[in-house]
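Coordinates in review
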Amino acid sequence: AIAAALRRCDNPSSSPASPQFSVLDVAGGTGDVAFRLLRAAQCPSRAKSSGADIISVTVCDINPSMLAVGERRARAEYGDGIIDRSQSLSFREGNAEQLPFEEGSFDLYSIAFGLRNVTDV
């Protein structure tokens, strides 16, 4: 599904109405899944040039310490621009069972290993 979404972003005739394809990575703490998505969409190289990324990934996790690790890793690997300038990556504290976002705010929802910690899906 993720690969299909990224292909959709690269095809202007089928792109979403908004300029970016938005992804919510729940329980993504340290950013592993988010970083793979950004690399697949070639966002790190765009953040160093135009900053016009085709996707935006929001990492949401209940643990602020994990989010801090993820943001530090992102800045170390990709530079500050990927968060500050291009805004293709953001980190937000929140509970997977009561997400702090409006319904329909994202084009794609991902949750990896964190699913095992969610009791009410």
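Everything discussed here concerns the structure shown above.
This report concerns the structure included in the present document. All residue numbers refer to positions counted from 1 along the written sequence of the respective chain. In keeping with the model being predicted, local features are shown solely for residues with a pLDDT of at least 70 and side-chain atom pairs are shown and tallied solely at 80 or more, while totals for entire chains, interfaces and linings include all residues. Note: side-chain values were computed over all heavy atoms of the structure, leaving out hydrogens and water.

1. Points about the pairing of strand β4 (residues 108-111)
- The buried label applies to any residue whose accessible area, calculated with a 1.4 Å probe on protein chains only, is under 20% of its type's maximum; exposed applies above 50%, and partly exposed to all values in between. Secondary structure counts use DSSP, requiring at least four H or I residues in a row for a helix and at least two E residues in a row for a strand, with both numbered from the N terminus. Of the two faces of β4, only one is covered, namely that formed by L108 and S110; the face formed by Y109 and I111 stays uncovered.
- Strands are treated as partners if at least two bridges between them are detected by DSSP. Across 4 bridges, strand β1 (residues 21-26) lies against β4 in parallel orientation. Residue pairing in the sheet places D25 in a bridge with S110 of β4.

2. Digging into the packing of aromatic side chains
- Stacked, edge-to-face and tilted are the three classes for Phe, Tyr and Trp ring pairs, Trp counted by its six-membered ring, which pair at centre distances within 6.5 Å; planes under 30 degrees apart are stacked, over 60 edge-to-face, the rest tilted. Under the counting rule described, the total for this entry stands at 2 aromatic pairs.
- Look at F35 and Y78: their rings are 5.5 Å apart centre to centre, the planes differ by 80°, and that puts the pair in the edge-to-face class. Pair noted here: F35 is in helix α2 (residues 32-40) and Y78 is in helix α4 (residues 64-78), with a separation of 43 residues, a long-range link. Just as F35 is buried, Y78 falls in that class too.
- Seen in terms of ring centroids, F101 and F106 are 5.1 Å apart; in terms of plane orientation they differ by 90°. Their pairing is edge-to-face.

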